[in-house]
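A structural walkthrough
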Amino acid sequence: MKHHFLGRRAAPLAIASLPIVALLATCLSPSAQAQTGAAPAQAQSCPGDNGGITLPPGFCATVFADNIGHARHLVVAPNGVVYVNTWSGRYYHNDTPPAGGFLVALQDTHGDGMADVQTRIGESIAEGAAGGTGIALYKGALFAEVNDRIERYELPSGAIAPSGKPEVVVSGLPLTGDHPMHPFQIDAQGNLYVDLGSATNSCQVANRMPRSPGHQPCTELETRAGIWRYDANRTGQHFSPAERFVTGLRNGEGIAFDGKGGIFATQHGRDQLGENWPKLYRPEQGVNLPAEELVRLQRGADYGWPECYFDDGQNKLVLAPEYGGDGGKAVGVCARKHAPVAAFPAHWAPNDLLLYGGQQFPKAYQGGAFIAFHGSWNRAPAPQGGYNIVFQPLADGKPSGKYVVFADGFAGAIKEPGQAAHRPSGLAVGPDGALYITDDSHGRIWRVTFHGDAATTGIAAAAQPAGAAARASADDATPPEGIHPNAGRTAAALPTPPGATAAQVALGSRVFHGTEGGGTCEGCHGTDGKGTAQGADLTTGKYLWGDGSLAAIKKTITTGVPNPKESTGVMPPMGGAELSRSDLSAVAAYVWALGHRGGG
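What counts and how
Residues numbered from 1 in each chain as written. Predicted model: local features only at pLDDT ≥ 70, side-chain atom pairs only at ≥ 80, totals over all residues. Heavy atoms only, no water. Salt bridge = Lys/Arg side-chain N within 4 Å of Asp/Glu carboxyl O. Helix = DSSP H or I, 4+ residues; strand = E, 2+ residues; numbered from the N terminus. Buried < 20%, exposed > 50% of the residue type's maximum accessible area, 1.4 Å probe, protein only. Pairing = 2+ DSSP bridges. Axes fitted to C-alpha atoms, helices over the stretch in contact; angles between N-to-C directions. Parallel < 35°, antiparallel > 145°, perpendicular 65-115°, else oblique. Contact = heavy atoms within 4.5 Å. Nonpolar A, V, L, I, M, F, W, Y, C, P; charged D, E, K, R; others polar.

Considering the pattern of salt bridges
Opposite charge on two side chains makes pairing possible when the charged atoms of those side chains draw close. Taken as a whole and judged by the stated rule, the model has 19 salt bridges. Across the pair aspartate 148 and arginine 149 runs a salt bridge whose closest N-O atoms are separated by 3.4 Å. Ionic pairing is found between lysine 279 and glutamate 578, a salt bridge with its closest N-O pair at 3.9 Å. One end of the pair, lysine 279, is in the loop between helix 3 (273-276) and helix 4 (283-288); the other, glutamate 578, is in the loop between helix 8 (550-559) and helix 9 (581-595), with 299 residues separating them in the sequence. Side by side, lysine 279 and glutamate 578 carry an identical accessibility label, which is exposed.

Written out as structure tokens, the structure is:
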């Protein structure tokens, strides 16, 4: 365990023993204190640049912490200490995490919205840990996911970090497949709800392969694709199918309680409708289907995966092609599944959910849902989406208005997994009502507070990030080269492989970026070809499936990659596109050129 004092002298750590009234007074920002008094806060400009993000009028953000590792979910204690779980491993290209444990305790002892004390907790990579996503507080103890376990740390009074070893609450959670993380939440009664995401995209016989049917029955549902329930008051519990609470949730990373007995979760919709079933779906349908979901959990309920997906255009669950679906008309068994409470654009990837119970934000936000959208990869060749925080107003567990983008600009200039500056991943509210947001790309945490007029009654959207208007106009251009920052611009500087022509490399660039031939390559490999979690870096000259020759590259594209060695994404043959022979030869030439740009 290490303590880091970030450039300033830390105050004594006796804050946990303060009376709650005094504690809240020390935690509240000046504007929040004003809102609790008689005089309303007046609108004021925010200091700095909000840490690079945009917010609605009256809201401000500080960078609470930065570069702490791949920050996933977080929780804030009654004394204002922020606890974060960080993750590593294959999803992050096995990069080197910061030294020390994967759990991080952060404290702001100066009340300026920035942590000046940082303590790393728990097991480190040297001890075989890879961190995790889930984290929660219950009865004065810190619960956290690490590898296949959920552990409990007792927090001594007056300290921000535990002094003893953890106890294992649940062990043996599955780690294989597409969704190996275990986000969880604990309710006031000690019920511990754990998301166990699916191991596959749609329970196909061959995962993510074109025209592969779904398993009948999908036995994966016995141990995956649902929410499991355990007892946070007990140790030594072991994973089994018996504790399944609900089923049919492909990946329900965000879980939240509304204080009235309601349990809500998000769902990541399935991928690759267009790529795997091109005869049934036009490319634009693959981009815009299926919707991401907010669902209300009821014990024993089935939310449809893998047999069904939610079509927000038709506002209903429809039958998936792996189970006899015809492209969106047939409903079949989906008529008996549980539909979502609210729906959001396809592939945005909802990574966390918070039902706002604080008092610091205007009343219109209280009880509504904040959702952290990690950002898409499966919208290529159209622009990627998400990379934002959405607010969905709710009343009595149902939408009471349209959602708005509450915070934007996280990705920076390019919205795609390999080049985004930041990717929202976790949400938490502090005792003063401040909203905390994590980023698992570069380990940043924002603290958002309201500094506007306390009489504000409406819900507003975030201001457009700088340059967004120009990008939007480019996105509407025809032909669509403007969608892709590198499309049509790199080919001239690339070498030409033996047996090919410069014209082929230029055509290959257009296929790769989706401006010809329906190619979707950039979705997994990025517009710059430098890879994402889903696809390998093509610019290094390192080849995993052949000798790097033009013929070997062409063969890999033709056959696909059903079992990737280093990335997490399965590549269907032709990348899921119906490439012509000339387009195949061209994109192979372009991929060769990317790997030989440096003369290798």
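Now that the structure has been shown, the text picks up again.
Concerning the pairing of strand 3 (residues 70-76)
Most of strand 3 is tucked away, with 7 of its 7 residues classed as buried. Examined bridge by bridge, strand 3 and strand 4 (residues 82-87) share 5 bridges and lie antiparallel to one another. Along strand 4, the bridge assignment pairs valine 75 with tyrosine 83. With antiparallel pairing between neighbouring strands as the criterion, strand 3 and strand 4 make up a hairpin whose turn holds 5 residues, including glycine 80 at a positive phi of roughly 85°.

Considering unusual backbone geometry
With omega at -10°, the peptide bond leading from leucine 289 into proline 290 counts as cis. In this structure, proline 290 sits in the loop between helix 4 and strand 18 (292-296). Residue proline 381 is bonded to the preceding alanine 380 through a cis peptide linkage, with omega at 5°. Tracing the chain through its elements places proline 381 in the loop between strand 23 (369-373) and strand 24 (388-392).

Quick word on the sheet that holds strand 29 (residues 435-439)
Spatially, 2-30-29-28 is the arrangement adopted by the 4 strands of the open sheet, whose pairing is antiparallel. Looking at strand neighbours, the two that pair on one side only are strand 2 (59-65) and strand 28 (424-429), the edges of this open sheet. Averaged over all pairs of adjacent strands, the angle between their axes in this sheet comes to 25°, without regard to strand direction. One ladder, built from 5 bridges, connects strand 28 with strand 29; its direction is antiparallel. Paired with glycine 426 across the bridge in strand 29 is threonine 438.

Side note on the packing of helix 6 (residues 502-512) against helix 9
Put simply, helix 6 and helix 9 touch, their axes get as near as 7 Å, and they point 95° apart. Relative to helix 9, the element helix 6 is oriented roughly perpendicular. Contact residues: helix 6 offers Gln504, Val505, Leu507, Gly508, Ser509, Val511 and Phe512, while helix 9 offers Ser582, Asp583, Ser585, Ala586, Val587, Ala589, Tyr590 and Ala593. Taken together, the residues that form the contact of helix 6 with helix 9 break down as 9 nonpolar, 5 polar and 1 charged.

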